[in-house]
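Each chain, letter by letter, is given below.
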Amino acid sequence: MRRAILLALSIVLSVAASAAAAQDDLLARVEAAGTLRVANTQGHAPWDFLDDDNRLTGLGIDLANELAARMGIGKVEFVPARFPDLIPGIQANRFDLVIAGHTITEERSKIVDFSLPYMAIGTSVFVRTGDERIRTLDDLDGKSVGTLAGSITEGYLAAEHGDKKLDVRAYENATLALSDLAVGRVDAVIYSDDAGAYIARINALPVVRAVQVNREINAMVFRKGEDRFGQALNAAFRSIIDDGTYSSLSAKWLGSVDMAAELKKAAD
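As the structure is a computational prediction, the values presented were derived from the model and not from experiment.

Caption draft 1: A look at the sheet that holds strand 2 (residues 43-44). A sheet is described by the order of its strands in space; here three strands give the open sequence 2-3-4, paired in antiparallel fashion. Strands with a single pairing partner mark the edges of an open sheet, and in this sheet they are strand 2 and strand 4 (56-57). Relative to strand 4, strand 3 (residues 48-50) is paired through two bridges, and the arrangement is antiparallel. Bridge pairing links phenylalanine 49 to threonine 57 in strand 4.

Caption draft 2: Spotlight on the pattern of salt bridges. In the structure shown here, the tally under the stated rule is 19 salt bridges. Between aspartate 96 and arginine 37 there is a salt bridge, with its nearest N and O atoms 2.7 Å apart. In this pair, aspartate 96 sits in the loop between helix 4 (86-91) and strand 6 (97-103) while arginine 37 sits in strand 1 (residues 35-40), placing the two residues 59 residues apart along the sequence. Of the charged contacts, one joins aspartate 243 and arginine 70 as a salt bridge, the two residues approaching to 2.9 Å between their closest N and O atoms. With aspartate 243 in the loop between helix 9 (227-242) and helix 10 (245-254) and arginine 70 in helix 3 (residues 59-70), the pair connects residues that are 173 residues apart, well separated along the chain.

Caption draft 3: Representation of the side chain of asparagine 40. Position of asparagine 40 relative to the elements: it lies in strand 1. The class of asparagine 40 is buried, set by a relative accessible area of 2%.

Caption draft 4: View of the pairing of strand 1. Within strand 1, five of the six residues are buried, leaving the element largely enclosed by the surrounding structure. Across six bridges, the pairing between strand 1 and strand 5 (residues 75-80) is parallel. Each bridged residue has a counterpart across the sheet, and for valine 38 the counterpart in strand 5 is phenylalanine 78. Where strand 1 and strand 6 come together, two bridges link them in parallel fashion. Its bridge partner lying in strand 6, alanine 39 is registered against valine 98.

Caption draft 5: Spotlight on the sheet that holds strand 6. Strand order in the open sheet made by the eight strands is 5-1-6-11-7-10-8-9, with mixed pairing throughout. Sheet topology places strand 5 and strand 9 (167-171) at the edges, where each strand pairs with a single neighbour. Strand after strand, the sheet turns through a mean of 30 degrees between neighbouring axes, direction not considered. Sheet topology places strand 6 next to strand 11 (residues 207-223); three bridges connect them, and they run antiparallel. Considered in strand 11, the bridge of histidine 102 is made with alanine 219.

Cut-offs applied
Residues take numbers from 1 onward in each chain, read along the sequence in its written order. Local features in a predicted model are, by the rule used here, given only for residues with pLDDT of at least 70; side-chain atom pairs are given and counted only at 80 or more, and totals for whole chains, interfaces and linings are based on all residues. Only heavy atoms go into the side-chain values, all of them from the structure, while hydrogens and water stay out. Two strands qualify as a pair provided DSSP detects at least 2 bridges between them. Here a strand is any run of E in DSSP of at least two residues, a helix any run of H or I of at least four, and the numbering for each starts at the N terminus. Throughout this description, the term salt bridge denotes a Lys or Arg side-chain nitrogen within 4 Å of a carboxyl oxygen of Asp or Glu. Three exposure classes are used, based on accessible area relative to the maximum for each residue type with a 1.4 Å probe and protein chains only: buried under 20%, partly exposed in between, and exposed over 50%. Axis angles are defined between N-to-C directions and span 0 to 180 degrees, where every axis is a line fitted to C-alpha atoms and, for a helix, only to the segment in contact.

Structure follows, in structure tokens:
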């Protein structure tokens with residue numbers, strides 16, 4: 001009898017442990033829920049933004065839906081968040097995945113995990129059309145410079161231009177920053193080449209790229225240690241690249257820029 005009780009208890013504990021592990025496993029959880037919670041700022045055209053009919057759209061939105069479908073997840077729930085709140089939100093389990101242009105850094109890698117790179121982009125200084133004052137990075141000395149709140153650019157400005165007198169102004173999204181630049185509220189804005197040019201074009205903003213700062217490799221972000229989720233996510237993304245879907249989505253949103261080809265060049 002004692003042996004039977006111990007065996008039954010062992011089975012119960014084993015089942016309970018398996019259930020707890022499944023509940024804590026991100027891939028198992030999203031598969032059971034049938035929903036992938038994806039966070040973004042919803043102000044980062046052409047990746048994620050609200051169109052004239054207030055519908056969420058963009059390359060990042062199309063990518064998220066394609067990823068979920070290939071991972072066997074029926075629905076994507078898009079969660080709006082401020083850029084500085086995205087990584088804390090992943091840590092707090094408020095969403096499952098972030099697709100918002102995060103640069104892969106050693107510091108971030110200590111607290112979250114990254115997917116395969118999905119963006120290889122240049123970052124440039126934008127100025128008002130006709131403004132000849134800024135043609136090099138040294139010309140930013142004494143100028144007001146807009147940047148995205150919580151972005152790598154803020155750290156870059158502090159590290160690379162600590163001896164310069166920069167008036168750094170953080171914005172919630174790039175549309176606001178470039179709109180302020182267009183009317184003279186700031187002297188320059190540092191932002192990604194393609195996204196900045198797209199925002200300027202669709203909003204008819206008189207701003208142009210003056211000088212490139214660097215090139216960044218960005219990846220999607222998910223909770224630290226979720227290896228099974230990361231493997232499934234990366235497998236889905238590889239298939240999106242391999243069958244040409246990512247090139248087609250790039251053509252839809254980025255025109256002549258093939259992001260799949262840009263990623264390949266960055267890896268070579």
